[in-house]
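# Working through the structure, step by step
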Amino acid sequence: MKKLLTLLLAVTCVCGCSQTQNPTDESKTARIPMVMVDGELYLDTGYDSTIEGRCGVMDGEITSTVDGTERPIKDNQSNFGKDIGYQYGTTEGTIEIYQNEKWRIFATEDVREQIQSEHKNDIIQTE
């Protein structure tokens, strides 16, 4: 009986471990915050804006939202909320979103990589 139980346990472990996940299946994990504006996808850079003295007029507003696991597909749509104002950034390829009492920098994928690379170099040089 012990041998049969051991054999059954071993077969169960092998069968359970041999299941593979389909690599094309997208997991349902949260994505970084992103928004679609003028047909362009802007992603959170992880940095707050340091610009002071802004005009009080927003250039646009996020009017719809998708789940945090999805990518926005329509203009003025985000995966983190709606009824949020934004202004175009001073650097081409950026917008700044006002949320939680501060301005957050969002950028297109290429510009985002540049910004993060520049900040990484700044950190390395100051250490």
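Shown above is the structure to which this text applies.
Residues numbered from 1 in each chain as written. Predicted model: local features only at pLDDT ≥ 70, side-chain atom pairs only at ≥ 80, totals over all residues. Heavy atoms only, no water.

## What to know about the pairing of strand E6 (residues 84–88)
- Counting buried positions over the five residues of E6 gives four, a clear majority of the element.
- Across three bridges, strand E3 (residues 60–62) lies against E6 in antiparallel orientation. Following the sheet pairing, Ile62 is matched in E6 by Ile84.
- Pairing geometry for E6 and strand E7 (residues 94–99), over three bridges, is antiparallel. The partner of Tyr88 across the bridge, within E7, is Ile95.
- The antiparallel hairpin formed by E6 and E7 contains five residues in its connecting segment, where Gly93 sits at a positive phi of about 90 degrees. (Buried < 20%, exposed > 50% of the residue type's maximum accessible area, 1.4 Å probe, protein only. Helix = DSSP H or I, 4+ residues; strand = E, 2+ residues; numbered from the N terminus. Pairing = 2+ DSSP bridges.)

## Re the pattern of salt bridges
- Applying the stated criterion across every chain, the model contains four salt bridges.
- Across the pair Arg104 and Asp48 runs a salt bridge whose closest N-O atoms are separated by 3.1 Å. Here Asp48 lies in strand E2 (residues 40–48) and Arg104 lies in strand E8 (residues 102–107), a separation of 56 residues in the sequence.
- What makes Arg104 partly exposed here is its relative accessible area of 24%.
- Looking at Asp48, the relative accessible area reads 33%, which means it is partly exposed. (Salt bridge = Lys/Arg side-chain N within 4 Å of Asp/Glu carboxyl O.)

## Some points on the layout of surface pockets
- There is about 220 Å³ of room inside the largest pocket.
- In this structure, the largest pocket is lined by 16 residues; those nearest its centre are Thr90, Thr91, Glu96, Ile105 and Ile115.
- Per element, the largest residue contribution to the lining of the largest pocket is five residues, and it comes from helix H2 (residues 109–126).
- Along the lines of polarity and charge, the residues of the lining of the largest pocket split into five nonpolar, eight polar and three charged. (1 Å grid on protein atoms, 1.4 Å probe; cavity = no way out; pocket = protein on both sides within 12 Å on 5 of 7 lines; lining within 4 Å. Points joined across faces, edges and corners; volume = space filled by probe spheres on them. Nonpolar A, V, L, I, M, F, W, Y, C, P; charged D, E, K, R; others polar.)

## Here's the deal with the nonpolar core
- Judged by nonpolar contacts, Val35, Val37, Tyr42, Ile62, Ile84, Tyr86, Ile95, Ile97 and Phe106 together constitute the single largest core of nine residues.
- Residue assignment for this core shows that the elements contributing at least two residues are strand E1 (34–37), E6 and E7.
- Those residues in contact with Ile95 that lie beyond four places of it in its chain are Val35, Val37, Tyr42, Gln87, Tyr88, Gly89, Arg104, Ile105 and Phe106. (Core = buried A, V, L, I, M, F, W, Y, C linked by side-chain atoms within 4.5 Å. Contact = heavy atoms within 4.5 Å.)

## Quick look at the environment of Ile51
- Mapped onto the elements, Ile51 comes out in the loop between E2 and E3.
- Sequence separation of Ile51 and Glu96 is 45 residues, and the distance between their C-alpha atoms is 10.0 Å.
- When residues no more than four places from it in sequence are discounted, the contact partners of Ile51 are Thr90 and Glu96.

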